[in-house]
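# Report on the structure
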Amino acid sequence: MKKLFSIVFLSVGLTAFSQQVESLETILNDKISIRALELYDNKVWYSGTDSKFGFVDLKDYKNQKQIRLSEEKLQFRTLGQNKTSFYAINIESPARFFKIDKKDLKSQVIFKDTAKTAFYDALHFVNDKLAYTFSDADKDHLLKLAVYKDGKWNMFKNNVTLNDGEAAFAASNTNISSSKKYLWIATGGKASRILRMNLKDDKIEVFNTPIIQGESSQGMYSIDFYEDRFGIAVGGDYTKQDANINNIATTTDAGETWQIQASGQNAGYTTCVKIKPGSKGKEIIAVGDKHISYSSDFGKTWKKISDEKGFFVCQWIDANKVVLAGNSKIAVMKLKF
């Protein structure tokens, strides 16, 4: 969504709940805004502003490499991967789909969307051979998806209509999630709904959510699912970052119905949520511009574990470590339980 903007915050120390955080170490400082991360080969890979793409080695933080995917100053908020390549799409029109070879990091543009309204919010690989990316709609309000299949990108034909003012947020490359059976897409803005695709027959169903919505700045910003049934959605209003009413919800029926959680009792606007590997959905971490928060009961209650500011996206490295990125930095956080 084009109205999404980054707010710069100064870093501060950890909160009184810091006993849960063993350490928080910055591993990259750069003039960049990062909203998309991938893990591969014991490295954290990122795409960001100024056409920047690169990695930091998680075994040796000094081992870093950064390249520019274009001589133009493109903004990237998407990143995905299969066995051989990374893929990234810039947010401005024309949207160029870049393929980056994992062996030599050489890149090429393999697909373009020249529509003036092209604005790709997230890119997600279901498996090595199947991926989807979601753009703000054209004037006809039809759901706009591109699909990677048989080694190629093409537009995905469908007849799903979005509401007026319904789009999505390119906040952390996490408003798409999948299981073996389903693909879910979270919309936001004047309407914030869940689109669920059955991966067997490509049928798409649309479900309403109780998440805060109605204004262009409101709605779901990030979703994550454990297997086919349990899922969590987070968001809020980026113009009112301390507001914490109806900004977290969970589902236990694969996205058909949603229950608001911790309304009025969480840290506010949240841009990324990730379920801890091996926890079956019970343990979850979430970040926003002003906080890092943790839930140990399927998202029902939340504790702010850090006041560190300026993070937009996170990813679990293992059961005790999380990599975070955002405004001008990447960091690794170690947790103790």
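One structure accompanies this document, and this report is about it.

### Thoughts on the nonpolar core
Formed by 29 residues in total, the largest nonpolar core has its most connected members in Ile285, Ile330, Met333 and Leu335. Broken down by secondary-structure element, the contributors of at least two residues to this core are strand E1 (21-40), strand E2 (43-48), strand E24 (284-288), strand E25 (291-295), strand E27 (311-316) and strand E28 (321-335). When residues of this core are assigned to their parent elements, the largest contribution, nine residues, is made by E28. Excluding anything up to four places from it in sequence, Ile285 contacts Cys272, Val273, Lys274, Ile292, Ser293, Tyr294, Trp302, Cys314, Trp316, Val322, Met333 and Leu335.

### Quick word on the pattern of salt bridges
Oppositely charged side chains can pair when the atoms bearing their charge come close. Considering all chains together, one arrives at 14 salt bridges under this definition. Notably, a salt bridge pairs Lys304 with Asp307, separated by 2.7 Å at the nearest N-O pair. Between Glu308 and Lys329 there is a salt bridge, and its shortest N-O distance comes to 3.2 Å. Taken together, the residues Glu308 in the loop between strand E26 (303-306) and E27 and Lys329 in strand E28 connect sequence positions 21 residues apart. Side by side, Glu308 and Lys329 carry an identical accessibility label, which is buried. What emerges from the salt-bridge pattern is a single network uniting Asp113, Asp138 and Lys144.

### Re the sheet that holds strand E18 (residues 204-208)
An order of E14-E15-E17-E18 is seen for the four strands of this open sheet, with the pairing classed as antiparallel. The open sheet has two edge strands, strand E14 (176-178) and E18, and neither has a second partner. Mean inter-strand twist for the sheet, computed between neighbouring axes without regard to direction, equals 20 degrees. Taken together, the five bridges between strand E17 (residues 193-198) and E18 define a ladder with antiparallel strand orientation. Of the residues in E18, the one forming a bridge with Arg193 is Asn208.

### With respect to the environment of Ser295
By the secondary structure assignment, Ser295 is in strand E25. Considering only alpha carbons, one finds Ser295 and Ile275, 20 residues apart in sequence, at a separation of 9.4 Å. Excluding residues within four positions of it along the chain, Ser295 makes contact with Lys282, Glu283, Ile284, Lys300, Thr301 and Trp302. Engagement of the side chain of Ser295 in a polar contact is seen with the backbone oxygen of Thr301, the distance being 2.9 Å.

### Quick notes on the state of the cysteines
Scanning all chains against the criterion turns up zero disulfides. There is no disulfide at Cys272, and the cysteine sulfur nearest it, in Cys314, is 3.8 Å away. Given a relative accessible area of 2%, Cys314 falls into the buried group.

Here is what the cut-offs are and how they apply
- Residues numbered from 1 in each chain as written.
- Predicted model: local features only at pLDDT ≥ 70, side-chain atom pairs only at ≥ 80, totals over all residues.
- Heavy atoms only, no water.
- Core = buried A, V, L, I, M, F, W, Y, C linked by side-chain atoms within 4.5 Å.
- Buried < 20%, exposed > 50% of the residue type's maximum accessible area, 1.4 Å probe, protein only.
- Helix = DSSP H or I, 4+ residues; strand = E, 2+ residues; numbered from the N terminus.
- Contact = heavy atoms within 4.5 Å.
- Salt bridge = Lys/Arg side-chain N within 4 Å of Asp/Glu carboxyl O.
- Pairing = 2+ DSSP bridges.
- Axes fitted to C-alpha atoms, helices over the stretch in contact; angles between N-to-C directions.
- Polar contact = N/O pair within 3.5 Å; in protein donor to acceptor, adjacent residues only side chain to side chain.
- Disulfide = S-S within 2.5 Å.

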